Amino acid sequence: MRHFLRDDDVSPQEQAELLALAAAMKATPYDAKPLAGPHTVAMIFDKPTLRSQTSFAAGTAELGGNPLVVDGGLAGIGRRESVADVARVLGGQASMIVWRTFAQAAVEEMAAMSGVPVINALTDEFHPCQLLADLLTIQEHKGELAGLTVAFLGDAACNMGNSWALAGTMAAMHVVFGCPEGYAPDAGVLVQAEAMPGGSVHVTDDPVAAVAGADVVVTDTWVSMGKEDEAADRRVLFSPYAVTSELMAHAKPDAIALHCLPAYRENEISAEVIDGPQSVVWDEAENRRHVQKAVMAWLYERRGVEPDE
Ligand code: CP
């Protein structure tokens, strides 16, 4: 049984296959119906979401399936009943499970116990569906991924930082994190990323050095879900890393700017950049649907197949 819980749950070659499938599905969005039946995809959200819930629901419908959005607050997974019991119940109701929650260990337990493919729609540690959307967007605008330099600015000690380290280097990109000391991606993830053939990863606390010559500039909120109590301190700490027109001027002239959204203008990114000609954030948001359709179709086709078969 294959699952998509972390960026490296697929090989670099499989990542490229998923991006090609997503591009094909985007070109003809209503042709492929692998979930016809309709097969139900249960999608549970324990944290706020706009893009993830709408793109998974619309994408499931486009694949011929039945999107079953489960209110995480009502389900109370891990509080009202155990992850294992929920997994057994949902595995009997749905052909696939999508889950946004806190601990990576929880989605791993769901995958181990449900008997159906499980997709991570964001945990505290990884956001692999967002990374596929980012990569598809970059591929569309730059024509290739391998060899490009990506600068990730701001708080890299989060799911997006970890996922960029893994998925970016898997795509043979050079990923540079510009962040304050202590806010780099997870050390173990960085070791893994450093070992990816073709790609590279580098961490600096100098925002100008981070974006120098970059093809792609990425940022994310400075106040990830669960960090709201630290908001005031974080705004001070991360302010030198704000993606402004002045900072973008150090990247390549044709550099593009990405933000997974929601965005907080004049904090991590200026209105001039996110609403300007270098921004590709609306393509990036739309691409969530196309890449997740590819992931769902791909996993469904491989249900029952072990990773090394
Ligand atoms: N980027 C992202 O995951 O958006 P939502 O939190 O709105 O789902």
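Residues numbered from 1 in each chain as written. Predicted model: local features only at pLDDT ≥ 70, side-chain atom pairs only at ≥ 80, totals over all residues. Heavy atoms only, no water.

## Comments concerning the overall build of the protein
Working step 1: When helices and strands are counted, the protein shows 13 helices and nine strands.
Working step 2: Here the C-alpha atoms of the protein give a radius of gyration of 19 Å, agreeing with the 19 Å that 2.2 N^0.38 yields for 309 residues.
Working step 3: Its C-alpha atoms give the protein principal-axis dimensions of roughly 55 × 40 × 35 Å.
Working step 4: Put simply, the protein has 309 residues, and 56% of those count as buried.
Working step 5: By sequence separation, contacts in the protein at least 24 residues apart represent 76% of the contacts at least 6 residues apart.
Working step 6: Working note: accessible area of the protein is about 12,200 Å², and carbon and sulfur atoms make up 53% of it.
Working step 7: The averaged location of the 43 negative side-chain charges in the protein is 6 Å from the averaged location of its 21 positive side-chain charges. (Helix = DSSP H or I, 4+ residues; strand = E, 2+ residues; numbered from the N terminus. Rg over C-alpha atoms; globule rule 2.2 N^0.38 Å. Buried < 20%, exposed > 50% of the residue type's maximum accessible area, 1.4 Å probe, protein only. Contact = heavy atoms within 4.5 Å. Areas by Shrake-Rupley, 256 points an atom, 1.4 Å probe, with all protein chains shown as cover. Lys, Arg positive; Asp, Glu negative; His and termini not counted. Charge placed at Lys NZ, Arg CZ, Asp CG, Glu CD.)

## A closer look at the sheet that holds strand β8 (residues 216-219)
Working step 1: If you walk across this open sheet you meet the five strands as β7-β6-β5-β8-β9, and the pairing is parallel. Since the sheet does not close on itself, it has two edges, and those belong to β7 (200-204) and β9 (256-259), each with one partner. Pairs of neighbouring strands in the sheet enclose a mean axial angle of 20 degrees, with direction left out of account.
Working step 2: Relative to β7, strand β6 (residues 174-178) is paired through five bridges, and the arrangement is parallel. Opposite V175, over in β7, you have V201 as the bridge partner.
Working step 3: Those strands touched by helix α6 (residues 128-142) are β8 and β9, and its axis lies near 165 degrees from that of β9. (Pairing = 2+ DSSP bridges. Axes fitted to C-alpha atoms, helices over the stretch in contact; angles between N-to-C directions.)

## A look at the nonpolar core
Working step 1: Core analysis: the largest hydrophobic core is formed by 61 residues, its most contacted members being F56, I119, L135, I138, W164, M173 and F177.
Working step 2: A total of eight residues in this core trace back to one element, the largest contributor, which is helix α13 (residues 281-301).
Working step 3: Ignoring sequence-local partners within four residues, the contact set of L135 consists of Q15, L19, L145, W164, A167, A171 and M173. (Core = buried A, V, L, I, M, F, W, Y, C linked by side-chain atoms within 4.5 Å.)

## Things to note about the site of the ligand
Working step 1: Neighbouring the ligand are P48, T49, L50, R51, S52, R100, H127, Q130, C260, L261 and R288.
Working step 2: T49 places a polar side-chain atom, nitrogen or oxygen, 2.7 Å from an oxygen atom of the ligand.
Working step 3: Within the contact set of the ligand, a nitrogen atom lies 3.0 Å away from a side-chain nitrogen or oxygen of Q130.
Working step 4: Burial of the ligand by the protein chains amounts to 96% of its free accessible area of 260 Å².
Working step 5: Given that more than half its atoms are within 2 Å of the pocket grid, the ligand belongs to the largest pocket.
Working step 6: A breakdown of the residues in the shell around the ligand according to their chemical character gives four nonpolar, four polar and three charged. (Near = heavy atom within 4 Å. Polar contact = N/O pair within 3.5 Å; in protein donor to acceptor, adjacent residues only side chain to side chain. 1 Å grid on protein atoms, 1.4 Å probe; cavity = no way out; pocket = protein on both sides within 12 Å on 5 of 7 lines; lining within 4 Å. Sits in = over half its atoms within 2 Å of the grid points. Nonpolar A, V, L, I, M, F, W, Y, C, P; charged D, E, K, R; others polar.)

## A closer look at the pairing of β6
Working step 1: In terms of burial, β6 is largely enclosed, as four of its five residues are buried.
Working step 2: Across five bridges, the pairing between strand β5 (residues 149-153) and β6 is parallel. Across the sheet, the residue bridging to L153 is G178, located in β6.
Working step 3: Taken together, β5, helix α7 (residues 159-170) and β6 constitute a β-α-β crossover, and its handedness is right-handed.
Working step 4: The parallel pair β6 and β7, bridged by helix α8 (residues 187-194), forms a crossover whose chirality is right-handed. (Right-handed = clockwise from strand over helix to strand, strands pointing away.)

## A few points about the layout of surface pockets
Working step 1: Estimated volume of the largest pocket: approximately 660 Å³.
Working step 2: In terms of lining residues, the largest pocket is bounded by 35 residues, among which D220, T221, V223, S224 and M225 are the most central.
Working step 3: When residues of the lining of the largest pocket are assigned to their parent elements, the largest contribution, three residues, is made by α7.
Working step 4: For the lining of the largest pocket, the residue count by class is 15 nonpolar, nine polar and eleven charged. (Points joined across faces, edges and corners; volume = space filled by probe spheres on them.)

## Some remarks on the side chain of D215
Working step 1: Position of D215 relative to the elements: it lies in the loop between α9 (207-211) and β8.
Working step 2: In terms of polar contacts, D215 uses its side chain to reach the backbone amide nitrogen of T149, at 2.8 Å.
Working step 3: Excluding anything up to four places from it in sequence, D215 contacts K142, L148, T149, K252, A255 and I256.

## Here's the deal with the pattern of salt bridges
Working step 1: All chains considered together, the criterion is met by twelve salt bridges.
Working step 2: Note that R289 and E62 form a salt bridge whose closest N and O atoms lie 3.0 Å from each other. Residue R289 is found in helix α13, and its partner E62 is found in helix α2 (residues 51-62); the two are separated by 227 residues along the sequence.
Working step 3: Each of E62, R289 and K293 takes part in salt bridges that share partners, so that together they form one network. (Salt bridge = Lys/Arg side-chain N within 4 Å of Asp/Glu carboxyl O.)

## Here we look at α13
Working step 1: The first and last C-alpha atoms of α13 sit 30 Å apart over 21 residues, in line with the 30 Å expected at 1.5 Å per residue.
Working step 2: A large share of α13 lies buried, amounting to 16 of its 21 residues. (Expected span 1.5 Å × (residues − 1).)

In short, shape yes, function no, at least from these values alone.
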